[in-house]
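Analysis of the macromolecular model
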Amino acid sequence: MEMTGNTILITGGTSGIGRGLAEAFHALGNQVIVVGRRQARLDKITAANPGMTGIQIDVQDHAAIEALAVRVRQEFPALNVLINNAGISRTESLAEEPVDLAVSRDMIETNILSTMHMTAALLPMLMARPKATIITTTSGLAFVPRGNFPTYCATKAFLHSWVQSLRVQLRGSPVEVLELAPPYVQTELAGEQQLTDPHAMPLGEYIAEVMQLLTEGDLPDGEILVERVKAARWAERDGEYARQFAIFNPE
Ligand SMILES: NC(=O)c1ccc[n+]([C@@H]2O[C@H](COP(=O)([O-])OP(=O)(O)OC[C@H]3O[C@@H](n4cnc5c(N)ncnc54)[C@H](OP(=O)(O)O)[C@@H]3O)[C@@H](O)[C@H]2O)c1
């Protein structure tokens, strides 16, 4: 993708990786629209980044996604980049009785269905642009699951598959389809303690490496893979799956 001259909508732009990407693209002079539920966070980000726009929606709300698409078409007709990044991650105990399926459903709605819905709602706009990009955030856990996050890992494996099919269907169109598969990064995804977990990659380092990869265009098969995620991404290919699985799931 081009690194400048874009109009970019980022879901999950109120914190973590989404906010990092929003600010990095904004600093390059792109028009950036951040989407999230927390109005106070949207206000803070747009105040810190003059020219950035915040739109408050819950991506689980299908009517809100449709209304967002109408608003974007009117206010930002040049939209050419969608970053499907909103996501939630929860631990689950499948042996518990009763299993709380509301937790599983919440992750499926946010991580999978909202991504599919947002893409469907904005794709006609993207298709009408000379060059457009859809980036979807998956995870290293799409490739090697952690047993305490069963539905979360499965939602990301779903997205990895779905993104490949989207790429096939958009072959020959102006829309490039990329997958962003982060390693474990210091954000509040699984709670505040993750922000300072020394085992997680510092957010600033992660965003800098991603922006470098995007600038270089070094994206085999449309995958944005920083060094730290490659062990998980290529575990199966490299005959390392059992070892990686054991690291993620110690006895
Ligand atoms: N950090 C990691 O270790 C890691 C690793 C692999 C993949 N990822 C993926 O990276 C993406 C970003 O996560 P993060 O690590 O940056 O965590 P984060 O700081 O918790 O960010 C999650 C973002 O998603 C938004 N969001 C969640 N539910 C939403 C909803 N119903 N409607 C609208 N927005 C919603 C949140 O905004 P509001 O709360 O304001 O709505 C927030 O901006 C996720 O897809 C995550 O699965 C993260």
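Cut-offs applied
Residues numbered from 1 in each chain as written. Predicted model: local features only at pLDDT ≥ 70, side-chain atom pairs only at ≥ 80, totals over all residues. Heavy atoms only, no water. UniProt positions renumbered as here; feature names shortened; annotations may be inferred. Helix = DSSP H or I, 4+ residues; strand = E, 2+ residues; numbered from the N terminus. Polar contact = N/O pair within 3.5 Å; in protein donor to acceptor, adjacent residues only side chain to side chain. Contact = heavy atoms within 4.5 Å. Pairing = 2+ DSSP bridges.

The name given to the chain in an unreviewed UniProt entry is SDR family NAD(P)-dependent oxidoreductase, with Alteraurantiacibacter aquimixticola as the source organism. Entered under Sequence similarities (unreviewed entry) in the UniProt record, the comment concerning the chain runs "Belongs to the short-chain dehydrogenases/reductases (SDR) family."

Attention now moves to the side chain of Glu223. For Glu223, the position within the fold is in strand S7 (residues 223–224). A polar side-chain atom of Glu223 sits 2.6 Å from a polar atom in the side chain of Arg233. For Glu223, the residues in contact, after removing those within four places along its chain, are His160, Glu179, Arg233 and Trp234.

UniProt annotation of "domain: Ketoreductase" (unreviewed entry) refers to residues 6–184 when read in the numbering used here. Strand forms 17% of residues 6–184 and helix 46%; the C-alpha atoms that close the span are 28 Å apart.

The pairing of strands in a sheet comes from backbone hydrogen bonds and takes either a parallel or an antiparallel form. Taking strand neighbours across the sheet as the criterion, the seven strands line up as S3-S2-S1-S4-S5-S6-S7 in an open arrangement whose pairing is parallel. Where the open sheet ends on each side, the last strands, each with one partner, are strand S3 (53–56) and S7. Of the strand pairs in this sheet, strand S1 (residues 7–11) and strand S4 (residues 81–84) are connected by three bridges, and their pairing is parallel. Counted as the bridge partner of Ile8 is Val81 from S4.

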